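Structure at a glance
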Amino acid sequence: MKKNPSIYVGTYYKYNCGPSHGGSIAGEWLDLTDYSSKEEFYEACKELHSDEEDAEFMFQDWENIPDFLISECSLDDDAFEYFEAIANMDDDKIEALEIYRDNILGKHFEISVSDLIEHFEESYQGYYGGKSDTAEVEYAYEYVEQAGFLNNCPDELSRYFDYEAYARDLFSSSFVEHDGHVFTN
């Protein structure tokens, strides 16, 4: 079940100079699906902390937001574009997108959300089970079937096809697997 992205919003002033200067984590959880843009979200933050003239927002905790979109003091400009892009994805595909971003592209690779989604859609082949060796062989079976490699081969010969060896070849150069998710390399 997909959970909404949310942020616990406090301020640096309250944290550092709150009740009797001992600090305070006074704030509130805000559900980002209640807002259509970063600007609208920040307006809600200002309203929440209207007791401060020029509040410096402190995002003390967050849920269901990838780390590349948020820090303690800022929300990425592309965050709402990302949330919109994943709105119709199931949990497995969102997990695959995060695996792609963190492991295939690399955590420090700078890319726009629209390019990330486009590259992911081109690369993602699907989920093939949780174990590496099983996922690779399952994908090899599907790959051979979809490509029709053995269509003209008699059944007596096609049963000798070594799917495990073919999977090793596929995943040594053309494909990569993470947690059962398969991507082009």
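Here, the structure is the one placed above.
Residues numbered from 1 in each chain as written. Predicted model: local features only at pLDDT ≥ 70, side-chain atom pairs only at ≥ 80, totals over all residues. Heavy atoms only, no water.

1. Here's the deal with helix α2 (residues 38-48)
Selection rule: The classification of residues rests on relative accessible area computed with a 1.4 Å probe and restricted to protein chains. Under 20% of the type maximum is buried, over 50% is exposed, and intermediate values are partly exposed. The way it works is that DSSP assigns letters per residue, a run of H or I at least four long becomes a helix, a run of E at least two long becomes a strand, and they are numbered from the N terminus. The arc in question is the one spanned by the directions pointing from the helix axis to the C-beta atoms. Whether two residues are in contact is decided by their heavy atoms, any of which lying within 4.5 Å being enough.
Of the positions making up α2, those classed as buried are Lys38, Phe41, Tyr42, Ala44 and Cys45. Burial along α2 is one-sided: seen end-on, the buried residues are contained in an arc of 155 degrees. Exposed residues lying more than 90 degrees from the buried face of α2 are Glu39 and Glu47. Looking at the packing, one finds that the buried side of α2 touches β1 (6-11), β2 (28-31), β3 (57-63) and α3 (79-86).

2. Looking at the packing of helix α4 (residues 91-106) against helix α5 (residues 113-123)
Applicable threshold: Between N-to-C directions, angles span 0 to 180 degrees; the directions come from axes that are lines fitted to C-alpha atoms, helices contributing only their stretch in contact. Should an angle fall under 35 degrees it is taken as roughly parallel, and over 145 as roughly antiparallel, whereas 65 to 115 is taken as roughly perpendicular and any remaining angle as oblique.
Viewed as axis vectors pointing N to C, α4 and α5 meet at an angle of 100 degrees, and their least axial separation amounts to 10 Å. By the angle between their axes, α4 is roughly perpendicular relative to α5. Every residue of α5 that contacts α4 at Lys93, Ala96, Leu97, Tyr100, Arg101 and Leu105 is listed here: Leu116, Ile117, His119, Phe120, Glu121 and Ser123.

3. Some details on the pairing of strand β5 (residues 175-178)
Note the cut-off: In short, DSSP must find at least two bridges between two strands for them to pair.
Judged by which residues are buried, β5 turns out to be one-sided: Phe175 and Glu177 face inward and are buried, whereas Val176 and His178, on the alternate face, are not. Here 4 bridges tie β5 to strand β6 (residues 181-184), and the two strands are oriented antiparallel to one another. For phenylalanine 175, the partnering residue across the bridge sits in β6 and is threonine 184. Counting the residues in the hairpin turn of β5 and β6 gives 2 residues, including aspartate 179, whose phi is positive at 50 degrees.

4. Digging into the pattern of salt bridges
Rules: The rule for a salt bridge is simple: a side-chain nitrogen of Lys or Arg has to be within 4 Å of a carboxyl oxygen of Asp or Glu.
Inspection of every chain in the model, using the stated rule, returns 5 salt bridges. Between aspartate 77 and lysine 38 there is a salt bridge, with the nearest N and O atoms lying 2.6 Å from each other. Of this pair, aspartate 77 sits in the loop between β3 and α3 while lysine 38 sits in helix α2, and the two are 39 residues apart along the sequence. The buried category is assigned to lysine 38, whose relative accessible area is 17%. What emerges from the salt-bridge pattern is a single network uniting Lys14, Asp51 and Glu52.

5. Observations regarding the sheet that holds β2
In spatial order, the strands read β2-β1-β3; together these 3 strands make up an open sheet with antiparallel pairing. On the outer flanks of this sheet lie β2 and β3, each paired with one strand and no other. On average, adjacent strands in this sheet sit at an angle of 30 degrees to one another, irrespective of strand direction. In the sheet, β1 pairs with β2 via 4 bridges, with the strands oriented antiparallel. Residue pairing for β2: serine 6 is matched across the bridge by aspartate 31.

Function cannot be inferred from these measures alone, as they are strictly geometric.
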